[in-house]
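Working through the structure, step by step
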Amino acid sequence: MKIHEFQAREILRKHGVPVPPFEVVSDPGAAGRAAAAFGGLVVVKAQVHAGGRGKAGGVKLAKDAAEAEAKAAAILGMTIKGLVVKRVIVARAVDIDREYYAGIVVDRASKRPVVMVSAAGGVDIEEVARTTPGRIVKRPVDPQGGLDAKAAAALAASIEERPAQAGAVADILVKLYRAFAESDCSLAEINPIVVTPSGEVWAVDAKMNIDDNALDRHPDLEALRDTDGETREEAAARGAGLSYVKLDGNVGCLVNGAGLAMATMDLIKYYGGEPANFLDIGGSSSPEKVVTALDIITSDRGVRAVLINIFGGITRCDDVAAGLVRAFEARPPTVPVVVRLTGTNEERAREILAQHDLASVTSMDEAVQKAVELAGRAS
Ligand code: GDP
Ligand code: MN
């Protein structure tokens, strides 16, 4: 889950990271008043779940209240990467001498959090990563011990030779790591860390993504969710407790269990098809979940056939069958549907489906082949 810059700034500030004071506003007048209260140069910044706001014109400096109001009026309502800007922050601006990059991600290869720093921070960091990756220094961290002062100092020294500033950067890294770990982030980033001409060090941007699987233990972070960038399908899936990821293929999948869902997608590929989505309805699925799941899958216009693959364990096949019947009665499917059910109460499920003229198969290979063939024929 993404959170906004102003939310991430607040978390970092609580961890002691030096963040320039700021206010969140949603109209130009309030931006002007905030700027007047800060006095001097401010920066007006779009708050949307998208990177590259600077390049998109969503970050602007303003020298006084009137200019802040005008800049806010220009930024509010603009669209950045498909997202309409509804809020901006007005922050006290800092003078920039240098811009550094600092970020932490969970790295698959090392199976650890990796802290990255670069002396080439700012709006071109993606370009740096692509063309001169050597300018980004990386260090895996043992999650048991966290980022200690020594490791942070070594990272800071690789980008800043002056002891005072390097010390300040190291201190930010340690605090950023704590924030990353405590909030169960999958990513935490400050780009840029700014060093001013007088040698002060400030975090002027903040980005944090929270691991969805950890949100259960962070109700305070869950409360920060902004559903603005979410599609209707994603919102419906989340509301119903379904794991759903949209993909680009034409075979819609409704499966119980993440492992079986992955295996189903593999088999679709094996037989020459392309899955339209990953969807796990989870264990002990109620008919309601099945109704919602089918609604989500069939509202994807790319879907040419739906494959339902249920291995009944805790999930009862008859529950799923009842859900399918209800869903089809409410909205008859416009694409062919292939049902494979096996396991708990499968006989009962087959009876329910047969009463409604729905056929089902028990072999996964057979079901997948059929769905791929039907989707191909319809395309
Ligand atoms: P992003 O483009 O979405 O990453 O937004 P940032 O918050 O990183 O802002 C983009 C760029 O705007 C930064 O790299 C800075 O160069 C500039 N910027 C942001 N805040 C300030 C500030 O307080 N003072 C000055 N002079 N420039 C700033
Ligand atoms: Mn940035």
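No experiment lies behind these values; they were computed from the predicted model shown. (Residues numbered from 1 in each chain as written. Chains lettered and ligands numbered in written order. Predicted model: local features only at pLDDT ≥ 70, side-chain atom pairs only at ≥ 80, totals over all residues. Heavy atoms only, no water.)

What follows covers the site of ligand 1. Of all residues adjacent to ligand 1, which total 17 residues, the nearest are Lys45, Arg53, Gly54, Val94 and Glu99. The contact in question runs from a nitrogen atom of ligand 1 to an N or O atom on the backbone of Val94, over 2.8 Å. Contact with the protein chains covers 85% of the free accessible surface of ligand 1, which is 560 Å². When contributions to the shell around ligand 1 are tallied by element, the ones reaching two or more residues are strand E2 (42–46), strand E3 (59–62) and strand E10 (185–195). In the shell around ligand 1, the residues fall into nine nonpolar, four polar and four charged. (Near = heavy atom within 4 Å. Polar contact = N/O pair within 3.5 Å; in protein donor to acceptor, adjacent residues only side chain to side chain. Areas by Shrake-Rupley, 256 points an atom, 1.4 Å probe, with all protein chains shown as cover. Helix = DSSP H or I, 4+ residues; strand = E, 2+ residues; numbered from the N terminus. Nonpolar A, V, L, I, M, F, W, Y, C, P; charged D, E, K, R; others polar.)

Within the first shell, the manganese ion (ligand 2) binds the protein through Asn191 (O) and Asp205 (OD), at distances of 2.1 to 2.2 Å. Pair noted here: Asn191 is in strand E10 and Asp205 is in the loop between strand E11 (201–203) and strand E12 (207–210), with a separation of 14 residues, a long-range link. When its relative accessible area of 17% is taken as the criterion, Asp205 is described as buried. (Donors = N, O, S within 2.8 Å, 3.2 Å for Na, K, Ca; no water. Buried < 20%, exposed > 50% of the residue type's maximum accessible area, 1.4 Å probe, protein only.)

Strand order in the open sheet made by the four strands is E1-E6-E2-E3, with antiparallel pairing throughout. Two strands in the sheet have a free side with no partner beyond their single neighbour: strand E1 (22–25) and E3. Each neighbouring strand pair of the sheet contributes to a mean axis angle of 20°, computed without reference to strand direction. Bridge count between E2 and E3: four bridges; the pairing is antiparallel. Bridge assignment links Val43 to a residue of E3, and that residue is Leu61. (Pairing = 2+ DSSP bridges. Axes fitted to C-alpha atoms, helices over the stretch in contact; angles between N-to-C directions.)

What follows concerns unusual backbone geometry. Trans peptide bonds make up most of the peptide bonds, and negative phi angles are found at most residues other than glycine. Residues Asn191 and Pro192 are joined by a peptide bond in cis, for which omega reads 10°. Mapped onto the elements of the fold, Pro192 is located in strand E10. The phi dihedral of Lys111 is positive, around 55°, even though this residue is not glycine. Counting through the fold element by element, Lys111 comes out in the loop between strand E7 (98–107) and strand E8 (112–118).

Following the criterion strictly, the structure yields two aromatic pairs and no others. Ring centres of Tyr177 and Phe180 lie 5.8 Å apart, and the angle between their planes is 40°; on these two criteria the pair is classed as tilted. With Tyr177 and Phe180 both in helix H6 (residues 163–182) and three residues apart, the pair spans about one turn of that helix. What makes Tyr177 buried here is its relative accessible area of 5%. In this structure Phe180 comes out as buried when scored by relative accessible area, which is 4%. Their ring planes at 80° and their centres at 5.0 Å tell us that Tyr270 and Tyr271 sit as a pair that is edge-to-face. When the ring centre of Phe22 is taken as origin, the NZ or CZ atom of Arg9, which lies over that ring, is 5.1 Å away. (Phe/Tyr/Trp six-rings, centres within 6.5 Å; stacked < 30°, edge-to-face > 60°. Lys NZ or Arg CZ within 6 Å of the ring centre and 35° of its normal.)

For any two helices packed against each other, one specifies the crossing angle of their axes together with the interaxial distance. Packing of helix H8 (residues 232–240) against helix H10 (residues 287–298) leaves a shortest axis separation of 10 Å and a crossing angle of 165°. What the angle tells us is that H8 and H10 run roughly antiparallel. For the pair H8 and H10, the sense of crossing is left-handed. Contacts from Arg232, Glu233, Ala236, Ala237 and Ala240 of H8 reach H10 at Lys289, Thr292, Asp295 and Ile296. (Parallel < 35°, antiparallel > 145°, perpendicular 65-115°, else oblique. Left-handed = near helix turned anticlockwise from the far one by under 90°. Contact = heavy atoms within 4.5 Å.)

Okay, the pairing of strand E14 (residues 251–255) next. With five of five residues buried, E14 is to be regarded as a mostly interior element. What you see with E14 is no split at all: Val251, Cys253 and Val255 on one side and Gly252 and Leu254 on the other are buried throughout.

Our next topic: the side chain of Gln47. Within the secondary structure layout, Gln47 lies in the loop between E2 and E3. One polar contact links the side chain of Gln47 to the main-chain carbonyl oxygen of Lys45, over a distance of 3.4 Å. Setting aside residues up to four positions removed in sequence, Gln47 forms contacts with His4, Glu5, Phe6, Arg53, Val85, Arg87, Val88 and Ile89.

Bringing the pattern of salt bridges into the picture now. This model, assessed by the stated rule, comprises 32 salt bridges. Among the salt bridges present, the one from Arg331 reaches Asp295, with a minimum N-O distance of 2.1 Å. Remark: Asp295 occurs in helix H10 and Arg331 occurs in the loop between helix H11 (317–330) and strand E17 (337–343); sequence separation between them is 36 residues. Exposure remark for Asp295: the relative accessible area of 22% places this residue in the partly exposed category. Here Arg377 makes a salt bridge to Glu373, at a shortest N to O gap of 2.2 Å. Pair noted here: Arg377 and Glu373 are both in helix H13 (residues 364–378), with a separation of four residues, about one helical turn. Overall, Arg377 belongs to the exposed group, its relative accessible area being 60%. Where salt bridges share partners, they join Glu5, Arg9, Lys45, Arg53 and Asp205 into one cluster. (Salt bridge = Lys/Arg side-chain N within 4 Å of Asp/Glu carboxyl O.)

Our next topic: the nonpolar core. Core analysis: the biggest nonpolar cluster contains 47 residues, and Leu12, Val115, Leu147, Leu173, Ile190 and Met208 have the highest contact counts within it. The greatest single-element share of this core, amounting to ten residues, is contributed by H6. Excluding its chain neighbours within four sequence positions, the residues that come into contact with Met208 are Met1, Lys2, Ile3, Ala8, Ile11, Ala179, Phe180, Ser183, Cys185, Leu187 and Ala188. Within the second largest apolar cluster, 29 residues are counted, among which are Val303, Ile308, Ala327 and Ile352. (Core = buried A, V, L, I, M, F, W, Y, C linked by side-chain atoms within 4.5 Å.)

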